[in-house]
Amino acid sequence: MPEHTVIAAWLAEFSRSRKQIEDALAQLTDDQFRTRLTPGTNSCALIVKHLAGNMRSRWTDWLTTDGEKPDRNREREFADEGESRQALVDSLRSGWTLVLNAVGALTPADLTRAVRIRGEPHTVPQAVERQIAHYAYHAGQIQLIARIVHGNEGWVWNSVAP
């Protein structure tokens, strides 16, 4: 498969996860955005905060530096510190810009490179696929949590409704 086709497929998958997340979040009130289904579980707000932190860490200078940046505080991503919804959504939007720009800038030669995530070597395709799976996982979580806290009445499905 030509490299440009693989890169286009990766961009499409990232964009699909982004749309699923944005469509689900758009249906929530501010209170629902912060609702935890049970104590100790994550709200949509916390998952958004985590994704934004992960994206900043993974995709900033990702071909030349470890994907786990020394200034990242992953545990803090799961603490509700009262950030505004707009600030969290803006941070996620910036993260998506990093993702799409980094993947969109890949050249065929880059696909043979190795990168590191938490010190562990990955080929560029492995690293990209890892992040596709990670973001799709959280897109599913957000969709499920959002639908539960919103309720089925009036929920707009962004996939085939059951």
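Residues numbered from 1 in each chain as written. Predicted model: local features only at pLDDT ≥ 70, side-chain atom pairs only at ≥ 80, totals over all residues. Heavy atoms only, no water.

Caption draft 1: How the structure looks around the nonpolar core. Counting residues in hydrophobic clusters, the biggest one holds 37 residues, and the most contacted among them are F14, W59, W62 and I142. The set of elements that each furnish at least two residues to this core consists of helix 1 (3-25), helix 3 (44-59), helix 4 (85-104), strand 1 (114-117) and helix 5 (124-150). With ten residues, the single largest contributor to this core is helix 5. The contact partners of W62, leaving out residues within four places of it in the chain, are A102, L106, V115, V124, A127 and V128. (Core = buried A, V, L, I, M, F, W, Y, C linked by side-chain atoms within 4.5 Å. Buried < 20%, exposed > 50% of the residue type's maximum accessible area, 1.4 Å probe, protein only. Helix = DSSP H or I, 4+ residues; strand = E, 2+ residues; numbered from the N terminus. Contact = heavy atoms within 4.5 Å.)

Caption draft 2: Molecular detail of unusual backbone geometry. In the Ramachandran plot, D61 falls in the positive-phi region, its phi being about 50° despite a non-glycine side chain. Take D61: it is sitting in the loop between helix 3 and helix 4.

Caption draft 3: Here's a closer look at the pairing of strand 2 (residues 120-123). Note that strand 1 and strand 2 share four bridges and pair antiparallel. Within the sheet, the bridge partner assigned to A114 lies in strand 2 and is T123. The antiparallel hairpin formed by strand 1 and strand 2 contains two residues in its connecting segment, where R118 sits at a positive phi of about 55°. (Pairing = 2+ DSSP bridges.)

Keep in mind these numbers describe shape, not what the thing actually does.
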